[in-house]
Structure formats: structure tokens, C-alpha cells
Amino acid sequence: MIAVDVELLRTLVAEARLAPSVHNIQPTRWRIADGRIVVLADAARTLPVADPSGHDVAISHGAAIEGLSLALAARGLRIAETAQPENADEVARLTIVANGARDPLSSAVATRISWRGKFTKPAPDAAARLDRIAAACCDLTLIRTQSAIADAAKLGDAAGLHFLRDPAHRAELLHWMRLSSSHPDFLRDGLGAPQMALSRFEAVGAGLALGPLFSALDRIGLAAPLVAEGGKTRSATALALFCRPHGEDPLVSGRHFYRAWLAIAREGFQACVMSVLADLPAANAALRARHGVGDDKRLVSVMRIGAPVAPTMPPRVRLPAVELIA
């Protein structure tokens, strides 16, 4: 076993924190105990309305653990064992050993982002790159035809409106949105206006449309077009259905999810999670049936993928590594 010290942990966490998390809430914390790395859950960073079971937060912890694994591999180290937690706030205990091999997906860590804007028209080699993603990641079912993407876009807009009609869901979402640079957590966590590809005017409108004006707009039929993302979805080169076995530990699912996203980024694409398509049972079932997802697997998440319209990517929003170490 390699005894991890604070200096090494700080270096590893600086890279592990680049893993995705639901709503970018960044719920994972770290500490050292008996030379092992302990993964902790920040009890203040949960989504009790959108994620009452804690499944999506657990997926996020798994992604962070995979991010740590990639950082370890770059230094010739690896996770030898993931032990059960010993305390209520713990997620797992990791034993670190030598003989780690550099992971080919590590090159995509620095370039992977969540792109919530529109995508450009597919490049001539897009089909070949999608083929490589499908070959590299058996967890992904790729939807490529424009008709199937358009159908999923309609399904996504209906599912999104379903959840937004719940005032508690909207309030929780707004809590994690950073629509103004004056917000104290702007460029620290959550969903910032630049990261959502919103102009200043659009950000103000989003705050009103999802906040005090939503019910009135919904009564006159304007809420649906204002919150719809169908245009963005239809611009995607493909949609990716991320599927894993039933009953799997969400920490394991989260590790595979991050790897699937990195496989997409390695081919020069960016992605955006469309969680409503997996979270709404009717939408989940419709996608599984249409695209041949077997009964042995569950649809964990859906992503739209493509090349971003903007030539310059928004800044990466993450808490400082020092704040993530308990």
C-alpha cells in the first residue's frame, strides 16, 4: 500500500474535481485516514427534490472516484481496493498501490466540458468518430438519424416541462443556477449563465421564466416554448443512451459514466446531459423500447453530443481543491 500524504492528495483532487456532477453541485469531499483516501459526501450538497433517492449524487461520487483513478494512473499509481465506508458521512475508502498504467482517456480530461448550447453541422468525418466511440464504449447506444433525434427532442421537451411544473423542482434548480456575475458562487459551482450558453439578457429572462412568471406563462401556453431545448437537441450530431446493468452500485455506474463521456470528448465532441429523458419513467421506457435497450440493462442517462457552435469554450467552473479536502 502507498501511504497518501496531504500534498499528494491535494494534487490528485485538483484533477479529480474535473469530473462531472449533477447540476455541478460538486458533492464529493476527501480526507486521509491511515494512509488511505476516504471519499466523503457533503451533506449540504444534495438535490432532495430532483434526486430524492440520492442516486444521481452517488453517480457523481463515482465519477469523482474515476477522476481520482485517472489522476493516480498518470503518476504510476492505482486504486487496489474500494472498501465499504466506516462512518455515516463516508462514501468509500480507497487503498492506493503502485504499478498503475497511464489511461488513454486521461488526455480528454482537460478538454471535456458540458456544452449546453447548439451544435454545428457534423464534420465529414463525424460518422467515423461516432463509430470509434461506439467501439470503445459498450455502455453507449448512439442515436444517429435525424428523425430519431427529432423524436427524442420532442420527448425531452415534454419531460422537461413535466418536471418544471413542480414549483419545488424549479426552486431547487434556480438555487443551483448562477445567472448573474454578482452571485456569490458565480464561477465556483452550479449552473452558470456562460456554461449554459446564455447571454446576459437570456439569463435574466431565464430567472423570470423559471421563477415568478412561470405559472402565468404556463397558463397562456408560453412556458413550454420558453423552456424548450428541442432546437439544441435537434442540432446534435447524435444522442447517446448510457446504459448499465440493473442493481449495479451507482458508484460503479458513475465511474463508467465518466469514462463514457471522456470517450466522447476524446473524439473531439462535447456533450450535454439530458437527465429528464432518463428520470421520467415514460420517456425512459419509450427510448428503451425504440432503441433496443435489453431488459438486462437500465437507461441511466442520455446525452446529446456534437461540435459546439462557439469557437471559445466557457470557463471551467470548479471549487478550489483545498476546499474539497476535509
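Everything that follows concerns the structure shown earlier in this document.
Residues numbered from 1 in each chain as written. Predicted model: local features only at pLDDT ≥ 70, side-chain atom pairs only at ≥ 80, totals over all residues. Heavy atoms only, no water.

Draft legend 1. Molecular detail of the side chain of E267. On the secondary structure map, E267 appears in the loop between α10 (250-266) and β9 (270-273). One polar contact links E267 to R132, side chain to side chain, over a distance of 2.9 Å. Those residues in contact with E267, other than ones at most four positions away along the chain, are R129, R132 and I133. (Helix = DSSP H or I, 4+ residues; strand = E, 2+ residues; numbered from the N terminus. Polar contact = N/O pair within 3.5 Å; in protein donor to acceptor, adjacent residues only side chain to side chain. Contact = heavy atoms within 4.5 Å.)

Draft legend 2. Examining the packing of helix α2 (residues 55-73) against α10 more closely. Contact geometry for α2 and α10: axes closest at 6 Å, N-to-C directions at 60°. Taken together, the axis directions place α2 and α10 in an arrangement best described as oblique. Crossing handedness for the pair α2 and α10: right-handed. Facing H55, A58, I59, H61, G62, A63, I65, E66, G67, S69 and L70 of α2, the residues of α10 in contact are P250, L251, S253, G254, R255, F257, Y258, R259 and L262. The residue inventory of the contact of α2 with α10, partitioned by class, reads 10 nonpolar, seven polar and three charged. (Axes fitted to C-alpha atoms, helices over the stretch in contact; angles between N-to-C directions. Parallel < 35°, antiparallel > 145°, perpendicular 65-115°, else oblique. Left-handed = near helix turned anticlockwise from the far one by under 90°. Nonpolar A, V, L, I, M, F, W, Y, C, P; charged D, E, K, R; others polar.)

Draft legend 3. Focus on the environment of G190. On the secondary structure map, G190 appears in the loop between β6 (177-178) and β7 (191-192). Filtering out sequence-adjacent residues up to four positions away, G190 remains in contact with H23, N24, W176 and R178.

Draft legend 4. Quick look at a nonpolar patch on the surface. Taken together, V204, L208 and L213 make up a surface patch of nonpolar side chains, about 250 Å² in accessible area. Along the chain, L208 falls in helix α6 (residues 200-210). When its relative accessible area of 40% is taken as the criterion, L208 is described as partly exposed. (Patch = residues over 30% accessible without salt bridge, like charges linked within 9 Å, V, L, I, M, F, W, Y side chains within 5 Å. Areas by Shrake-Rupley, 256 points an atom, 1.4 Å probe, with all protein chains shown as cover. Salt bridge = Lys/Arg side-chain N within 4 Å of Asp/Glu carboxyl O. Buried < 20%, exposed > 50% of the residue type's maximum accessible area, 1.4 Å probe, protein only.)

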